[in-house]
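These are the residues of each chain, in order.
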Amino acid sequence: MSLKAWLGVDKIQKFGKIVKELGGVKAVLKKRYLMDVTRVGTLVGSDKFGNKYYENNEYFVPRNRWVEFPEKVWLDYDASQVPPEWHSWLHHITDDAPSVKPPPTQNWVLDHKENTSIDADKKYIPYSTTRTKVQGWQPGQKPQFD
């Protein structure tokens, strides 16, 4: 073990390199807030939703590929915002990124959409014709007993 590694100087140098690559301390803090990690890597590609996909093989294999969501979603991101072709690349199902080797397209496959059940105006609510078993009490009304 070298003196540099024993004193932790190599870690400080690596952190300095990350700060420089990301564009300063403010950018590092923002990325840390949004992602809980501070990583730098090679941009592999992006998708139609604005997600950017990165790879850095200095990290161990399950953690060497990641996605950064666009500014517009801020902290409201979830896994349904990643298209299937990029999901398979992120999880090491395929070695080639969709930007390098696009998957074959079939005319019967629907276009990928993110899950919109969080948005109240886009949420699916089934219509029911049956009366509910429990009626909520409304102020000013007498209770109804059947």
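Since the structure is predicted, the reported quantities are computational estimates derived from the model, not experimental observations.

Parameters and conventions
- Residues numbered from 1 in each chain as written.
- Predicted model: local features only at pLDDT ≥ 70, side-chain atom pairs only at ≥ 80, totals over all residues.
- Heavy atoms only, no water.
- Helix = DSSP H or I, 4+ residues; strand = E, 2+ residues; numbered from the N terminus.
- Buried < 20%, exposed > 50% of the residue type's maximum accessible area, 1.4 Å probe, protein only.
- Contact = heavy atoms within 4.5 Å.
- Core = buried A, V, L, I, M, F, W, Y, C linked by side-chain atoms within 4.5 Å.
- Pairing = 2+ DSSP bridges.
- Axes fitted to C-alpha atoms, helices over the stretch in contact; angles between N-to-C directions.
- Salt bridge = Lys/Arg side-chain N within 4 Å of Asp/Glu carboxyl O.

Draft legend 1. Seen up close, the overall build of the protein chain. Tallying secondary structure elements over the protein chain gives four helices and three strands in all. For the protein chain, the α and β elements follow one another from N to C terminus as α-α-α-β-β-β-α. Projected onto its principal axes, the C-alpha positions of the protein chain cover 85 × 45 × 25 Å. Looking at the protein chain as a whole, 23% of its 146 residues qualify as buried. In the protein chain, 41% of the contacts between residues at least 6 apart in sequence involve partners at least 24 apart.

Draft legend 2. Summary view of the nonpolar core. Counting residues in each nonpolar core, the largest one holds seven residues, listed as Tyr 53, Val 67, Val 82, Trp 86, Trp 89, Leu 90 and Ala 97. With three residues, the single largest contributor to this core is helix α4 (residues 84-90). With near-sequence residues (within four places) excluded, Leu 90 lies in contact with Tyr 53, Arg 65, Trp 66, Val 67 and Val 82.

Draft legend 3. Layout of the sheet that holds strand β2 (residues 52-55). Sheet architecture is open: three strands sit in the order β1-β2-β3, paired in antiparallel fashion. Each edge of the open sheet carries a strand with a single partner, namely β1 (42-46) and β3 (65-68). Averaged over all pairs of adjacent strands, the angle between strand axes in this sheet comes to 30 degrees, irrespective of strand direction. Alignment of β2 against β3, held across four bridges, turns out to be antiparallel. Residue pairing across strands places Glu 55 opposite Arg 65, the latter belonging to β3.

Draft legend 4. Molecular detail of the pattern of salt bridges. In total, this model carries five salt bridges according to the counting rule given. Close ionic contact of Lys 30 with Glu 71 constitutes a salt bridge, the shortest N to O distance being 2.7 Å. One end of the pair, Lys 30, is in helix α3 (residues 25-35); the other, Glu 71, is in the loop between β3 and α4, with 41 residues separating them in the sequence. Close ionic contact of Asp 111 with Lys 48 constitutes a salt bridge, the shortest N to O distance being 2.6 Å. Of this pair, Asp 111 sits in the segment after α4 while Lys 48 sits in the loop between β1 and β2, and the two are 63 residues apart along the sequence. Across this residue pair, the class does not change: Asp 111 and Lys 48 are exposed.

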